Amino acid sequence: MEGRVFVAVLVFSSLTVLTENTEHKNAIEIYSLHVDSLVTSRFAHTVITSRIVNTLNKSQEAVFEVELPKTAFITNFSMSIDGVTYPGTIKEKKSAQEQYDTAVSHGQSAGLVKAAGRKMEQFHVSVNVAAASKVTFQLTYEELLKRQLGKYELLFKVRPKQLVKQFQIDVHIFEPQGINFLKTDSTFMTNELTEALTKVQNETKAHILFKPTIAQQKKSPELEETRLDGDFIIRYDVKRRVNAGDIQIVNGYFVHYFAPSEMPTFPKNVIFVVDQSGSMSGRKIEQTRDALLKILEDLRPEDHFSLITFSSRVSEWRNSLLQATGQNVESAKRYVKTIMAHGGTDINKALLTAADTLDKANYAEILQAQSISMIILLTDGQPTVGVEDVQTIQQNIQKAINGKYVLYCLGFGFDVSYKFLEKMALENGGIARRIYEDSDSELQLQGFYQEVATPVLKDIEIQYPENSILELTQNSFKLFFDGSEIVVAGKIDNEVDVLPVEIQALSHTSNLTFNEEANVREKEKVFQHQKYIFGNFIERLWAYLTIQQLLEKSVSAQEEQLKNSQVARALELSLKYSFVTSLTSMVVTKPDDQQKFQLANKPTESDNERSRLTVASGSTRSRSYTMKVLHSRGSDDDDSMLRSDVHFHDSAITVGRTIYESASATKFRKPDSFRRRKPLPGVYSALVFSPEHLEYPHFILQLPRQNEVICLNIDGQPQSFINLISDPEKGISVTGKLGRNASHFVLFEITYLDRRVQVRVSKEGAVLKYGGQNSKLSWTKSASSTIQGVEITVEKERSLTVSASENITMKISFVKSPNHFLGLYFMDTDLFSDKASGLLGQFYFDTHLETNPGASLGQQERVLNVHGQKHRVNRQSKKDYRLESTTGFISCWSLHMKAI
């Protein structure tokens, strides 16, 4: 490849090339971008086609990147270059990974593709585009639209990052039941763009076409910048005339949709189990309180409820369930406002207490006979107090609940083990959901509650004649909530002319039975000669649903043999129907070398815990960046270069495997520390890292009321004590001691002046001093202690939290790699007063970032103004000791200062 390595970022088929000269920012031009989606009976088949051209007289590397829904399965991908098509092939994940690892060892491979965001995930592939050449990318994915709160949602991420001559989103919807309503929404729509949107709708069909011209895409006539940046959403629902639901049949496969309406709602008995451990401090606990206050207002008068909070200890608002009267709700709201974060995490005892409370209420006959009992757990961390083994906790909770109640597990942020929560929820009839840390976290919590707030049926059994059905997805369901939908699919025996169905369920007022018959030949006529359908879509829908349910069942399976058979069957179907699932990978061959390839893997929610990056100045929208990292080996004349691919994902960083390649065609100056290519506005530039970029900083500082993080390293003498914080208004003082080589801190002393309590934390443990008495806590076990209102909680060999009411919560991480050291950070920095001083204290008021007009490094350089003193800071990637992991990274503004 001629010239330097360039980086292309494509989000929902958007393509941007970062070059060293700004006039080449659209060297790779997207001249056509089409999104064609066919939605037939909720099953969506979407094809994204992007055509690009390299406008320069030298080759460029481009990365095709698409955001697609997390519930979707990729089914096909291809690249066409100079008349030659390079398809993606789907293989079993293990063998594909082994092939990848072998290629890596021979220096042949590119990089892995893994990322997961809130609603979207990324697919990307890089390709070398020759001078003046054209390339066509085409990606296909399929998904079953899930009905939530009375509507289906089809979501597209639109961020082309440049003007596109031929841009269109073309959606055809065919719903034989009839379309009840249809709406389009967008986060970027303007009056000019509204003119480019057309909608045509009749009883069963709808056509949505969004086709803006170049002029309509422009932010202004003078600027070559696009307005297209955000979400394009289609929401709709279908008509329902028969309570037994609707059966649709194509080529011997059927799908049955069941969503009865106007049903009475069951009274609920709900216990909210809320984590208030130290890690919930600050914004998390505030948002949780706000969400609970709204949720309590939504309780119905016939509901019963209670609240349990837990940290190192478990606290009950009341020792029994109370009816949701106005007086009781107001009392609960007053209790919620007092919830403060401190201490460890005793999940086992909290959930056992909730189950016991429901047992007592049932025994005392407080609850209505026909009611639904549920436990909603919200936690942000691992169990650190009491029973810590997650398998033991799962067994304890399953035994306590014993099928009587439903457990929902909400994991707040990325420090939780999602697998642990998911398995525990599925074993007890519920689901797990991640709550993403963002400005709308309380809305996410409220949204989940709304989904489960209106149970209208329970113990639903959907029966078909055994001799008529050869394959069947799940047909029994514990609960049905208003606004949702039950979907069952299967294969019909060839001899069947009429398919009868019987549904039995319990409502709040009675036992219900629904009956319906579907004439197979008449039903199949509905889809004949319809241009909106794509092949045997119901068969594919059946396979899609079967795979999802098999994978879900394998999570909660108790017997290893059963689990293995479920996984094997899911793998078999994934390969047969060409779905990229968590069991398969798509191998994408590289055109420039048939032995080079990339793997497209289906990420899971649990992958977020293994590969995450906190992007301090970014949002939590799903994004992905690919960075080519180059290090010189030997002298500047050495042809041997070390190249690494570093992939930045939404809240994730994965460092690609290193490969060696010849640099005979491309020469790079040996980097002194690091250097950057000039970025385009709004896009992170490519970095060339030196080892100092991937080190632990002394301190990680969250600026108060700002979404900015400072990574601070200080120049101090070995073994010296440094004044870190002194805040006389808060009555707190913190000092720290550097280690022998001054590379890290090995001791912190925290003094509460008014309480006359001192906490001394070293690599051996903590010593609490008060009134001449000493109390010791070791790192070797989880424990907690409270003296004079100061609570200290040790999470075994991980961290120590120090908190006091109405004061700042501090956390000290115990980092084992490469050498044992301590990392200090504050959970709620906005509580410091304007009298705070010291090395760290100076940052917690009258501090803000400013742009540097004279800087040549663009967005990667800022000026940090601290009380009028200005410091130059650079965007870097550092290891994040707050994650108590050797693989966690953070993007932050790096600063070196002298000790004071």
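That block above? That's the structure.
The structure displayed is predicted, hence computed values, not measured ones.

Student: What am I meant to see in the overall build of the protein chain here?
Tutor: Helix and strand content of the protein chain: 13 helices and 57 strands. Each of the 900 residues in the protein chain was classed as buried or not, and the buried ones make up 59%. If you take every contact in the protein chain between residues at least 6 apart in sequence, the share linking residues at least 24 apart comes to 67%. When the accessible surface of the protein chain is split by element, carbon and sulfur atoms take 46% of a total near 36,200 Å².

Student: I keep staring at the packing of aromatic side chains and nothing clicks. Help me out?
Tutor: As enumerated under the stated definition, the model contains 27 aromatic pairs in all. Measuring from ring centre to ring centre gives 6.4 Å for F699 and F748, while their planes differ by 55°; the resulting arrangement is tilted. Placement of F699 in strand β41 (residues 699-702) and of F748 in strand β45 (residues 745-752) is noted, with a sequence separation of 49 residues between them. According to the relative accessible area criterion, F699 is buried, its value standing at 0%. Cluster of aromatic residues (ring-pair linked, three or more members): F43, F73, Y544 and F579. When the ring centre of Y31 is taken as origin, the NZ or CZ atom of K134, which lies over that ring, is 5.1 Å away. Across the ring face of W893, the terminal group of R875 is positioned such that the distance to the ring centre comes to 4.3 Å.

Student: Help me out: how do you make sense of the nonpolar core in this one?
Tutor: Generally speaking, a soluble globular protein has its nonpolar side chains buried in company with each other. In terms of nonpolar packing, the biggest core is built from 62 residues, with F699, L712, L724, L824 and L840 touching the most fellow members. Filtering out sequence-adjacent residues up to four positions away, L824 remains in contact with F699, L724, V734, F748, M810, K811, I812, L840 and Y881. Listed in part, the 55 residues of the second largest apolar core include I179, L197, F232 and V580.

Student: So what exactly am I meant to see when it comes to the state of the cysteines here?
Tutor: Two cysteines, two sulfur atoms, one covalent bond between them: this is a disulfide. Per the counting criterion, the structure on display carries one disulfide. Residue pairing for C711: its cysteine sulfur links by disulfide to C892, the two sulfurs lying 2.1 Å apart. Residues C711 and C892 are joined by a disulfide whose S-S torsion is about -110°; by sign, that bridge is left-handed. With a gap of 181 residues between them, C711 in strand β42 (residues 709-715) and C892 in strand β57 (residues 889-898) connect regions that are remote in the sequence. One exposure class covers both C711 and C892, and it is buried.

Student: Looking at this model, I keep getting lost on the packing of helix α8 (residues 418-427) against helix α11 (residues 537-556). Mind explaining?
Tutor: Each pair of packed helices gets described by two things: the angle between the helix axes and the distance between those axes. It is at 8 Å that the axes of α8 and α11 come closest, and there the two elements cross at 95°. Relative to α11, the element α8 is oriented roughly perpendicular. Only E552, V555 and S556 of α11 make contact with α8, whose side of the interface consists of E422, K423, L426 and E427.

Student: Any chance you could explain α11 here in plain terms?
Tutor: Counting along an α-helix, one turn takes 3.6 residues, and residues three or four places apart therefore face a common direction. Compared with the 28 Å implied by 1.5 Å per residue over 20 residues, the 29 Å span of α11 between its first and last C-alpha is a close match. With 16 of 20 residues buried, α11 is to be regarded as a mostly interior element.

Student: Help me understand the packing of helix α6 (residues 347-363) against helix α7 (residues 390-401) in this model?
Tutor: It is the contact of α6 with α7, at a shortest axis distance of 10 Å, that shows an interaxial angle of 5°. As judged from the angle between their axes, α6 and α7 are roughly parallel. Within the contact between the two elements, α6 uses N348, L351, L352, A355 and D359 and α7 uses I393, N396, I397, A400 and I401.

Student: Which parts of the structure should I look at to understand the side chain of S78?
Tutor: In this fold, S78 is placed in strand β6 (residues 73-81). Residue classification places S78 among the buried positions, given a relative accessible area of 12%. Residue contacts for S78: discarding those within four places in its chain leaves T85, Y86, P87, T136, F137 and Q138.

Student: Looking at this model, I keep getting lost on the sheet that holds strand β31 (residues 511-519). Mind explaining?
Tutor: To summarise the sheet geometry, strands pair through backbone hydrogen bonds and adopt either a parallel or an antiparallel arrangement. Read across the open sheet, the four strands follow the order β28-β26-β30-β31; overall the sheet is antiparallel. The sheet is open, and its two borders are formed by β28 (476-481) and β31, each paired with just one other strand. Pairwise comparison of adjacent strand axes, ignoring direction, gives a mean angle of 25° for this sheet. Sheet topology places strand β26 (residues 455-463) next to β28; five bridges connect them, and they run antiparallel. From the neighbouring strand, P455 faces β28, where its bridge partner is F481.

Student: Would you mind showing me how to read the pairing of strand β14 (residues 197-201) here?
Tutor: Regular strands place their side chains on alternate faces of the sheet. Direction of pairing for β14 relative to strand β15 (residues 205-210): antiparallel, over a ladder of five bridges. Across the sheet, the residue bridging to Q201 is A206, located in β15. What sits between β14 and β15 in their antiparallel hairpin is a turn of three residues.

Student: Explain the pattern of salt bridges to me, please; I cannot follow it from the model alone.
Tutor: Where charged atoms from two side chains of opposite charge approach closely, those side chains can pair. Counted by the stated rule, this structure contains 40 salt bridges. A salt bridge links R159 to D229; its shortest N-O distance comes to 3.2 Å. With R159 in the loop between β11 (152-158) and β12 (166-174) and D229 in the loop between α3 (214-217) and β16 (230-238), the pair connects residues that are 70 residues apart, well separated along the chain. Within this structure, R42, R147, E175, D237, R240 and E485 form a network of salt bridges that share partners.

Student: Any chance you could explain the side chain of E67 here in plain terms?
Tutor: Examined against the element boundaries, E67 turns out to sit in strand β5 (residues 60-69). Polar side-chain contacts of E67 include one of 2.8 Å to the side chain of R159.

Student: Help me understand the environment of P455, please; the structure alone is not making it clear to me.
Tutor: With respect to the helices, strands and loops of the structure, P455 is situated in strand β26. Sequence separation between P455 and P264 is 191 residues, and the spatial gap between their C-alpha atoms is 8.7 Å. Apart from residues no more than four positions distant in its own chain, P455 is found in contact with P264, T265, F266, K268, I372, F480 and F481.

Student: Sorry if this is basic, but what is going on with the pairing of β6 here?
Tutor: Counting buried positions along β6 yields seven of nine residues, so the element is predominantly enclosed. In the sheet, β6 pairs with strand β10 (residues 134-144) via eight bridges, with the strands oriented antiparallel. Along β10, the bridge assignment pairs I81 with V135. Summarising the sheet, β6 and strand β7 (residues 84-92) pair through four bridges and their orientation is antiparallel. Opposite M79, over in β7, you have Y86 as the bridge partner.

Procedures and definitions
- Residues numbered from 1 in each chain as written.
- Predicted model: local features only at pLDDT ≥ 70, side-chain atom pairs only at ≥ 80, totals over all residues.
- Heavy atoms only, no water.
- Helix = DSSP H or I, 4+ residues; strand = E, 2+ residues; numbered from the N terminus.
- Buried < 20%, exposed > 50% of the residue type's maximum accessible area, 1.4 Å probe, protein only.
- Contact = heavy atoms within 4.5 Å.
- Areas by Shrake-Rupley, 256 points an atom, 1.4 Å probe, with all protein chains shown as cover.
- Phe/Tyr/Trp six-rings, centres within 6.5 Å; stacked < 30°, edge-to-face > 60°.
- Lys NZ or Arg CZ within 6 Å of the ring centre and 35° of its normal.
- Core = buried A, V, L, I, M, F, W, Y, C linked by side-chain atoms within 4.5 Å.
- Disulfide = S-S within 2.5 Å.
- Axes fitted to C-alpha atoms, helices over the stretch in contact; angles between N-to-C directions.
- Parallel < 35°, antiparallel > 145°, perpendicular 65-115°, else oblique.
- Expected span 1.5 Å × (residues − 1).
- Pairing = 2+ DSSP bridges.
- Salt bridge = Lys/Arg side-chain N within 4 Å of Asp/Glu carboxyl O.
- Polar contact = N/O pair within 3.5 Å; in protein donor to acceptor, adjacent residues only side chain to side chain.

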